[in-house]
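Summary of structural features
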Amino acid sequence: MLRFRSLGSGSTGNATLVEATSGGRVSRLLIDCGFALKQLDVRLAGAGLAACDIDAVFITHEHGDHIGCARALSRRERIPVWMSEGTWRANGERNFEGRVHFARDGVDIVVGDLLIQPFTVPHDAREPLQLRLSDGAHSLGVLTDLGHATPYVLSRLATLDALMLEFNHDSEMLSRSAYPYVLKRRVGGDYGHLSNDAAAAIARALHHGGMRHVLAAHLSLQNNRPEIVRRAMAEALCAAEDEMLTATAAEGSPWLALQ
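As the structure is a prediction and not an experimental result, all values here were calculated from the model.

When you go through the protein chain residue by residue, the secondary structure sums to nine helices and 14 strands. Taking 2.2 N^0.38 as the reference for a compact globule, 259 residues should give roughly 18 Å; the C-alpha atoms of the protein chain span a radius of gyration of 17 Å, in line with that estimate. Looking at the protein chain residue by residue over its 259 residues, the buried ones come to 54%. Residue pairs at least 24 apart in sequence account for 63% of intrachain contacts in the protein chain once pairs closer than 6 positions are excluded. Split by element, the accessible area of the protein chain, about 10900 Å² in all, is 50% carbon and sulfur. Distance between charge centroids for the protein chain: 5 Å, based on 26 positive and 30 negative side chains.

Right, dumping it as structure tokens:
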């Protein structure tokens, strides 16, 4: 069985748990840990777990709401951390006491029964990576923090069973917001974050009859609303709005299972 859960998603912090169960063995990956260590512990406890239950951490890029307490968590629990070399360098080449492993676009990583397949995305970071994950029977795509989806990105996420997808901002709300012009250009640009319309187009392109879950993530607190996102998702997926799932900054999401 493969299952996943957001522990919180948004500009205030991001972390996602992915868990594969095979027989009596459980393999757990934490994707990003953009919170203070004590806050991460609280969020893990809410999911019924502790930091010592995590087998590895994958950091998608160096922005604070994603890399957060990665070094503190790794040092306390002696957990290996995967990230691109560019992310490590952008984070100041910090010492993880030998527990940093470099991830690269197109090079598979194995953590227990989890196959992790990183791929590069267009985002304003040094060497950002997003992920396709599988337990051998089911597959999950994690796609946040990118300004647009290239044909390569879409090819890496074909035939998924579940997708966690950024719906960052409503374009009209962003244009009317109090953000400085430079920040508006950054967020709405090709190397910023996905608008609802762009995310809906991705969801529509990747959706197929066998896809079980689509979880909207990284919603802007200032420039988006869950009800707008659910409406856009429902239209893209030809489904009911009340069936659409969104991860929140405060609580993340419930466990979503594939079995």
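Okay, back to it.
By size, the foremost hydrophobic cluster in this structure holds 27 residues, and its most contacted members are Leu143, Val153, Leu157, Leu163, Leu165, Phe167 and Met233. For this core, the secondary structure elements donating two or more residues are strand E11 (162–166), helix H8 (196–206), strand E12 (213–217) and helix H9 (226–237). Sort the elements by how many residues they give to this core and H9 lands first, with six residues. With residues up to four places along the chain from it excluded, the contact list for Val153 reads Phe119, Thr120, Val121, Pro122, Leu143 and Leu146.

At Asp32, a residue that is not glycine, the phi angle is positive and equals roughly 65 degrees. Here Arg78, not a glycine, exhibits a phi torsion of approximately 60 degrees, which is positive. With respect to the helices and strands, Arg78 occurs in the loop between helix H3 (70–77) and strand E5 (81–84).

Per the stated rule, a full pass over the model turns up one aromatic pair. Their ring planes at 55 degrees and their centres at 5.4 Å tell us that Trp88 and Phe102 sit as a pair that is tilted. Taken together, the residues Trp88 in helix H4 (residues 85–90) and Phe102 in strand E6 (residues 100–103) connect sequence positions 14 residues apart. Residue classification places Trp88 among the buried residues on the basis of a relative accessible area of 17%. What makes Phe102 partly exposed here is its relative accessible area of 36%.

Let's shift gears to the pattern of salt bridges. If the charged atoms of two oppositely charged side chains come close together, the side chains can form a pair. For the structure on display, the rule yields eleven salt bridges. Among the ionic pairs, Arg89 bridges to Glu85, the shortest N-O distance being 2.7 Å. Taken together, the residues span about one helical turn, with Arg89 and Glu85 both in helix H4 at a distance of four residues. Here Glu85 falls in the partly exposed class, since its relative accessible area comes to 33%. Each of Arg3, Glu19 and Arg28 takes part in a single network of salt bridges with overlapping partners.

Below, the discussion takes up the sheet that holds strand E14 (residues 256–258). Within a sheet, each strand pairs with its neighbour through backbone hydrogen bonds, oriented either parallel or antiparallel. Spatially, the seven strands line up as an open sheet ordered E6-E5-E4-E3-E2-E1-E14, and their pairing is mixed. The strands lining the two open edges of the sheet, one partner per strand, are E6 and E14. The sheet shows a mean angle of 25 degrees between the axes of neighbouring strands, taken without regard to direction. Direction of pairing for strand E3 (residues 25–31) relative to strand E4 (residues 56–58): parallel, over a ladder of three bridges. The residue bridging Ile31 from the neighbouring strand is Phe58, located in E4. Its contacts with the sheet place helix H1 (residues 37–46) against strand E1 (2–8), strand E2 (15–22) and E3, and it is angled at close to 140 degrees to E1.

Moving on to the packing of H1 against H3. Following both chains from N to C, one finds H1 and H3 inclined at 70 degrees, their axes separated by 9 Å at the closest point. When the axes of H1 and H3 are compared, the pair comes out roughly perpendicular. Mapping the contact onto sequence places Leu37, Leu40 and Asp41 in H1 and Ala72, Leu73 and Arg76 in H3. For the contact of H1 with H3, the residue count by class is four nonpolar, no polar and two charged.

Reading the values: rules and limits
Residues numbered from 1 in each chain as written. Predicted model: local features only at pLDDT ≥ 70, side-chain atom pairs only at ≥ 80, totals over all residues. Heavy atoms only, no water. Helix = DSSP H or I, 4+ residues; strand = E, 2+ residues; numbered from the N terminus. Rg over C-alpha atoms; globule rule 2.2 N^0.38 Å. Buried < 20%, exposed > 50% of the residue type's maximum accessible area, 1.4 Å probe, protein only. Contact = heavy atoms within 4.5 Å. Areas by Shrake-Rupley, 256 points an atom, 1.4 Å probe, with all protein chains shown as cover. Lys, Arg positive; Asp, Glu negative; His and termini not counted. Charge placed at Lys NZ, Arg CZ, Asp CG, Glu CD. Core = buried A, V, L, I, M, F, W, Y, C linked by side-chain atoms within 4.5 Å. Phe/Tyr/Trp six-rings, centres within 6.5 Å; stacked < 30°, edge-to-face > 60°. Salt bridge = Lys/Arg side-chain N within 4 Å of Asp/Glu carboxyl O. Pairing = 2+ DSSP bridges. Axes fitted to C-alpha atoms, helices over the stretch in contact; angles between N-to-C directions. Parallel < 35°, antiparallel > 145°, perpendicular 65-115°, else oblique. Nonpolar A, V, L, I, M, F, W, Y, C, P; charged D, E, K, R; others polar.

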